[in-house]
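Inside the fold
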Amino acid sequence: MVNDSPNNSILTFSPLMTTKKVRDHFQTPNQKNTKTTTVQQNQNTQRLNSAQKSQFFPLPNSYLHQSSPQNARLINSIMEDPNDETNNNTAEEVKNVMNSTTQVNEDPDKSGPYTNNINNLETSTIVDMNQPLTQADKLRLWRHDALLQHHYKTAVYIGDKILSLTGDPNDAFWLAQVHYSSGNYQVARNLLLGPKFEDSIGCRYLAGLCLYKLDKLDEALDIIGEINPFKKDHSIRNGDGGIKLEASMCYLRGLVYNKQNNFERAKECFKEAVLVDVKCFEAFDELISNHLLSPDEEWELLECLNFDDADNNNELVKMLYTTRINKYKNLKMFEESKQRLIEEFNLGDNIDVLLSQAELYFIQCKFQKCLELCSTIIERDELNIPALSKYLSCLYEVGGKNKLFLTAHKLAEDYPNHYITWVAIGIYYFSIKQTADARMFFSKASIINPNFAAAWIGFAHTFAADGEHEQAISAYATASRLFPGTHLPNLFLGMQYLQMNNYTLAWEYLNFAYSVCSSDPLLLNEIGVLNYHKDELQRAEFYLRKALGASRSLEYGSKSWCSIHCNLAHVLKISKDDVNIFSTLGLIYLKMGKIANAIEYLHIALSIQPTDSIATDLLDKALDLNLKLANKKMLDKSLSEGTNKANSNLQQQKNFSGILGEFSGGNKRNRKGLGRYQNEVDDDDEIMDIESE
């Protein structure tokens, strides 16, 4: 590995730059030349003005970065006709960009990693604005135009000719980039082989990326290195404001380790990548979305990040990152960041801001609100994986089986090979109690993407629902190993052992989950239940009271909220006789619609303290509700009996009409038969008279 810092490399950002221009652009003068006096600065400023008059401009990397074909043509037009009045504003813009991006040290007495090009005109790259682009430069713009417009055959055809003409590593990189974009990873890797390009850090990075795509992980580590050799250069900032190549290499190293199931090394590489450059969002997202960090570790990492790398966007980036991390802690800081993003930056309708609020609703068991927000997000981005995961989970919680079916069916039509499709189908089958089919689809999703936590958790849930504790424990243990930053797998492991009456192992896993996240009310509730079964009522009361305090943010009346209140009431009922305990039990049963149980507990409360106003009011409400329900049942019964009688009368009328019709139809019968019919008619008249009375 070469010793030059990759943070100085602009190889991957400018299609017009050659290796020589890169060296010239970042050339660092001697230490004695970096300390200039004010007089020398004034002289340099005068020389700069004269250079501007003669149409000479030192172009920094940020201006040479051709993010679009239009920018490339704009530079070309200025170079071809610098005296055109229409280009004056553009030339002034070039000057402003150059002044804003090349100045590193405002204090002339201080030296930095590389000095201001304005103060070092002798060593800066000077482009003669009167000189037209060379033949190779025009071909590079052609190649770059084709790449941006996805004309890969054209880009390969022209890029190959440029590389034959120049033999420059920068041109080799861009030709390999075309092959990589078109999915030809082996071709790109073969192009970058050989000693001619191995000194180029950008080429080594792209070669390692191709090997990662080809699943040649050991060879990729040989190319990019098992550790970061540039740790001393974190302070060097890119002159063009782009992502440091060092951070990208750390991120790629983390991807390789993650695919090798070396999760601890992968976590360290991702952390190093985002510490080297906060703009490396890919590494930050890997840490958060794959649950590699605990809630405490996430907040510690956020405090360590150097957001100054984002220049004047430092506050914006910090607030965006704050809304991404775990919501179990520092909820106040999250709310402040979200509010500032909405008010100061007008991002209230942004998908990521909406998603952060949906995640908060989800952990607070406010499933209906979360469902509404996720629906809004999916309407705008139908393959937003975090939003889809929350959406499917909320549909299961609220019992939306029809919507689950329709969503899974649509995903199967549009994205048949995506892992989220199999997860959606699995959740649907799990909701209709077909656990065997659900298990099969969850398994397919986990094979396609082993880093998707929801697939592993769902797979384990299918065993737990069937009472297969051993298989469920095995699946939960795998999820715990893959996602060490989330407490849920260990929580479910503890619940399984609790059902098996293995209190020792249940406490071990619940305690480990508590060390990861100590503020989850559901976890605190399970620890309280465990201590209740162990007859440790004081400890059970302690954890259940903590769960009660943490449940204040939960949806009122949700299953989790009711479970916590019921468990605490049972513990208090056994440990002490208190009117508030039985009043609380009565209130809970009243909310659950179990009126008889509510009346029973409220009577017990009043037997302890007959003057308690709360119990009296609740009992009055319970008795009124019970009376209304009883009256409604009686009314429904009366209406049902009346309907049955009316149907009977109608049937008898039909029989009577049939007899009369048959009698008047002209059929001659003997008098004995006629008497029989007459007797039947008389009997029917008597019946009708009795019913009418």
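From a predicted model like this one, the values you see are computed outputs, not experimental measurements.

A word on the overall build of the chain
Along the backbone of the chain there are 35 helices and two strands. When burial is assessed residue by residue, the chain has 46% of its 693 residues classed as buried. Counting contacts in the chain only where the partners sit at least 6 residues apart, residues at least 24 apart contribute 60% of the total. Here the chain displays about 35900 Å² of accessible surface, and carbon together with sulfur accounts for 50% of that area.

A few points about helix α22 (residues 401-414)
Compared with an ideal rise of 1.5 Å per residue, which puts 14 residues at 20 Å, α22 spans 20 Å between its outermost C-alpha atoms and is within 8% of the ideal. When we look at burial in α22, the residues that qualify are Leu404, Thr407, Ala408 and Leu411. Angularly, the buried residues of α22 cover 95° about the axis, an arc narrow enough to put them on a single face. Pointing more than 90 degrees away from the buried face of α22 are the exposed residues Asn402, Leu406 and Glu413. Tucked into the core, α22 has its buried residues touching α21 (385-398) and α23 (419-431).

What about the packing of helix α18 (residues 331-343) against helix α19 (residues 351-363)?
Put simply, α18 and α19 touch, their axes get as near as 11 Å, and they point 150° apart. The pairing of α18 with α19 is recorded here as roughly antiparallel in orientation. In this structure, the crossing between α18 and α19 has a hand that is left-handed. Facing α18, whose interface residues are Leu331, Phe334, Glu335, Lys338, Leu341 and Ile342, α19 presents Val353, Ser356, Gln357 and Leu360. Split into classes, the residues belonging to the contact of α18 with α19 amount to six nonpolar, two polar and two charged.

Digging into the pattern of salt bridges
All told, the structure shown has 20 salt bridges when counted by the stated rule. Where Asp349 meets Arg380, a salt bridge forms, and the shortest distance between an N and an O atom there is 3.3 Å. Residue Asp349 is found in the loop between α18 and α19, and its partner Arg380 is found in helix α20 (residues 367-380); the two are separated by 31 residues along the sequence. In this structure Arg380 comes out as partly exposed when scored by relative accessible area, which is 44%. Look at the salt bridges and you will find they share partners, linking Asp137, Arg140, Arg143 and Asp171 into a network.

Quick look at the nonpolar core
A general feature of soluble globular proteins is that nonpolar side chains tend to end up buried together. Core analysis: the largest hydrophobic core is formed by 69 residues, its most contacted members being Ile420, Val423 and Phe452. Apart from the residues within four sequence positions on either side, Ile420 is in contact with Leu383, Ile385, Leu388, Ser389, Leu392, Leu411 and Phe452. Core analysis: the second largest hydrophobic core is formed by 61 residues, Leu211, Leu221, Tyr257 and Phe307 among them.

A look at the UniProt feature "repeat: TPR" (unreviewed entry) in the chain
As annotated in UniProt, the feature "repeat: TPR" (unreviewed entry) corresponds to residues 247-280, 453-486 and 579-612 in the numbering used here. Overall, residues 453-486 shows 79% helix and 0% strand. The separation of its end C-alpha atoms is 9 Å. Annotated as 79% helix and 0% strand, the span residues 579-612 places its first and last C-alpha atoms 8 Å apart.

Some thoughts on the environment of Leu292
Along the chain, Leu292 turns up in the loop between α15 (281-289) and α16 (295-304). Considering only alpha carbons, one finds Leu292 and Phe270, 22 residues apart in sequence, at a separation of 9.7 Å.

Rules and cut-offs
Residues numbered from 1 in each chain as written. Predicted model: local features only at pLDDT ≥ 70, side-chain atom pairs only at ≥ 80, totals over all residues. Heavy atoms only, no water. Helix = DSSP H or I, 4+ residues; strand = E, 2+ residues; numbered from the N terminus. Buried < 20%, exposed > 50% of the residue type's maximum accessible area, 1.4 Å probe, protein only. Contact = heavy atoms within 4.5 Å. Areas by Shrake-Rupley, 256 points an atom, 1.4 Å probe, with all protein chains shown as cover. Expected span 1.5 Å × (residues − 1). Arc of directions from axis to C-beta. Axes fitted to C-alpha atoms, helices over the stretch in contact; angles between N-to-C directions. Parallel < 35°, antiparallel > 145°, perpendicular 65-115°, else oblique. Left-handed = near helix turned anticlockwise from the far one by under 90°. Nonpolar A, V, L, I, M, F, W, Y, C, P; charged D, E, K, R; others polar. Salt bridge = Lys/Arg side-chain N within 4 Å of Asp/Glu carboxyl O. Core = buried A, V, L, I, M, F, W, Y, C linked by side-chain atoms within 4.5 Å. UniProt positions renumbered as here; feature names shortened; annotations may be inferred.

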